[in-house]
Amino acid sequence: AAHGGEAARGLRFAPVAPNTRDAVVVPEGYVQDVLIRWGDPVLAGAPVFDPDRQTARAQALQFGYNCDYMAVLDLSHGGGHGTYGGHGRHGGQLLVVNHEYTTEVMMFRGYDADNPTREQVEIAWAAHGLTVLAAEEQRGGRLTALPRHPLNRRITATTPFELTGPAAGGELLRTTADPEGRTVLGTLNNCGGGITPWGTVLSGEENFNQYFANADAVTDPATKERLARYGLEGGASERKWEAYDDRFDLSKEPNEVNRFGWVVEIDPYDPESTPRKRTALGRFKHEAAEPRLTRDGRAVLYMGDDERFDYLYKFVSKERMRRGHGSRVREHNAKLLDEGTLYVAKFSGDSPAGEIDGTGKLPEDGEFDGRGEWIRLAGGDRSYVDGMTAEEVYVYTRIAADKAGATKMDRPEDVEPSPRSGKVYVALTNNTDRGKDGKAPADEANPRNGNKHGQVLELAEHRDDPAGTRFAWRLFLVCGDPEDPSTYFAGFPKERVSPISCPDNLAFDPYGNLWLATDGNALESNDGLFGVAVRGRREGEVKQFLTVPKGAEVCGPVVTEERVLVAVQHPGEVDGASADKPASQWPDGPGKAVRPSVVTVRAEDGGPIGA
Ligand code: FEO
Ligand code: CA
Ligand code: CA
Ligand code: CA
């Protein structure tokens, strides 16, 4: 893997060129392996995957559909449960993988979208949620899955969750099946996530609105407005789950939808633990939740709401994290995300508004940059928003942020604090509606109207205090084809960067480089994974490390010294494609089902990535 000349450490590889191949394409000198595919066994008793005879029972024991965010933890660091180690020769790993959504037409031959069968609906429930999966490193470096490991777990759309925090038990969260408002069945549309410093995994419930039917039957104007703000307006839902469970029918169970759209917290080291939905973190289309600690040990989470013109949030816990593995320490840390203060971001540019013309032309000071503030929305039982109770702020957080005057962003996707500098990177994936039909026009943080390619914002908290309420910011990347004059790569010479469009998931490597996965590349190439230095002489030199098959997006990148892991989500999902008429032969070749899968990449010579 001796390519790429003088690039920053960790990024010394020959960049992969844009392409539309039906393959995962990696740099010369690197090898790839599929770690696990949709339908592969996770739990004991899982039958061999047979897409033509799939059952809900089988699916609940197998890897779910459309893998998204991945957390990779040490198998032997069991936060007090450290008895499960010793499987891997080099120490095993524990993966936690989100399964964001199902694409029934790709999963079932002859699928009738108007009349799904009960079995198909129940398969979809079992294919949602998360997988906890142990893995071990083989001699030579290949990572392989350990099906039936005692820590393996499937969490699905029917697994009981506990609602916790200030809105739990409130009237807005009570239903016929759960008059206490504290127990929800399942998690849906788990997109991004994060690993907490106390050893749990967070996962964001994103586009939950698509599962709920008959919002148009709701007559109360206040409820109607709230539903509309969360994208619920239609009659039948896309998957028709309401035909088999009343809780997905808003005309029968108006509050069930309020029990989705949260950040969930899972203890992957305790397969018996009840996962939790944390109401103190607010309810919106949660993309991810990436933690940092304050100097005195309080937990700070940065969170994006992935919708055009929605917001960036943060949460600061009241209590400090405790270190150690004892049960009292774990009980204490398990409550950290239940009490604290929820904020939303307001960005101000430092250049005259007249210099931001919506084309992406740099203002005279040479940078899209400025200052910002975190506006308090609620803390504990106290609301800081006029006309809303604290409970309403947590459940209808978007409406609270509207009232607070937050800045409307170009789809905040993943948010990632640099473990080195503390600076926070925000992927703003795109917003083709920017400036259209009376919608919010370009501003310095979102400087292009009709924004097709997105941008990456860098946020520096005042005095590097993540609990503070003021920050400075600049756009680090304005994405697109480097030949497009509206692009910007932190000032790096454009002729030496890879084209990049629609940044989505973010990760840092051990050298402090930022890695960006794309979703929806609008440059006529498949989506890819890119690395870029965020400081030093090579700052802004974007280099493409891999591309995924047609129709797929790159998710959950994890970049360690030994390997790169990516979740290849929705391969072959293009207009008109189906299980009967597949648009991809990945990963198993012609005549085989297209299967979302996790792929690992390592250097052929066994050396570190990007060395
Ligand atoms: Fe599920 Fe916003 O990506
Ligand atoms: Ca400026
Ligand atoms: Ca995403
Ligand atoms: Ca996405």
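Residues numbered from 1 in each chain as written. Chains lettered and ligands numbered in written order. Predicted model: local features only at pLDDT ≥ 70, side-chain atom pairs only at ≥ 80, totals over all residues.

**Notes on the overall build of the chain**
Then, number 1: Along the chain, the regular secondary structure elements total seven helices and 32 strands.
Then, number 2: Computed over the C-alpha atoms, the radius of gyration of the chain is 23 Å, within 12% of the 25 Å expected from 2.2 N^0.38 for a compact globule of 611 residues.
Then, number 3: Structurally, the chain occupies a C-alpha span of about 60 × 60 × 55 Å along its principal axes.
Then, number 4: Each of the 611 residues in the chain was classed as buried or not, and the buried ones make up 56%.
Then, number 5: Restricting to contacts in the chain with at least 6 residues of sequence separation, those with at least 24 account for 63%. (Helix = DSSP H or I, 4+ residues; strand = E, 2+ residues; numbered from the N terminus. Rg over C-alpha atoms; globule rule 2.2 N^0.38 Å. Buried ≥ 20, exposed ≤ 12 C-beta atoms within 10 Å, placed from the backbone. Contact = placed C-beta atoms within 7 Å.)

**A look at the pairing of strand S27 (residues 514–518)**
Then, number 1: Counting buried residues in S27 gives five out of five residues, a clear majority hidden from the surface.
Then, number 2: Where burial is concerned, the two faces of S27 agree: the one with Leu514, Leu516 and Thr518 and the one with Trp515 and Ala517 are both buried.
Then, number 3: Two strands pair when backbone bridges link them, and strand S26 (residues 503–508) and S27 are joined in this way by four bridges, in the antiparallel orientation. Of the residues in S27, the one forming a bridge with Leu506 is Leu516.
Then, number 4: Here S26 folds back onto S27, and the loop between the two strands holds five residues, one of which, Gly512, carries a positive phi near 95°.
Then, number 5: As defined by bridge partners, S27 adjoins strand S28 (residues 528–532) across four bridges and the pair is classed as antiparallel. Counterpart to Leu516 in the pairing with S28 is Phe530. (Pairing = 2+ DSSP bridges.)

**A closer look at the sheet that holds strand S30 (residues 553–559)**
Then, number 1: Pairing in this open sheet of four strands is antiparallel, and the strands run S1-S32-S31-S30 from one edge to the other. The open sheet is flanked by strand S1 (30–37) and S30, the only strands paired with a single partner. When strand polarity is set aside, the average angle formed by the axes of neighbouring strands in this sheet is 25°.
Then, number 2: Pairing geometry for S30 and strand S31 (residues 564–569), over five bridges, is antiparallel. Its bridge partner lying in S31, Val559 is registered against Val564. (Axes fitted to C-alpha atoms, helices over the stretch in contact; angles between N-to-C directions.)

**Quick notes on the sheet that holds strand S11 (residues 263–266)**
Then, number 1: Taken together, six strands build an open sheet; the order of strands is S8-S7-S12-S11-S10-S9 and the sheet is mixed. Each end of this open sheet is capped by a strand with a single partner; those strands are strand S8 (183–185) and strand S9 (190–195). Across the sheet, the axes of successive neighbouring strands diverge by a mean angle of 35°, strand direction being ignored.

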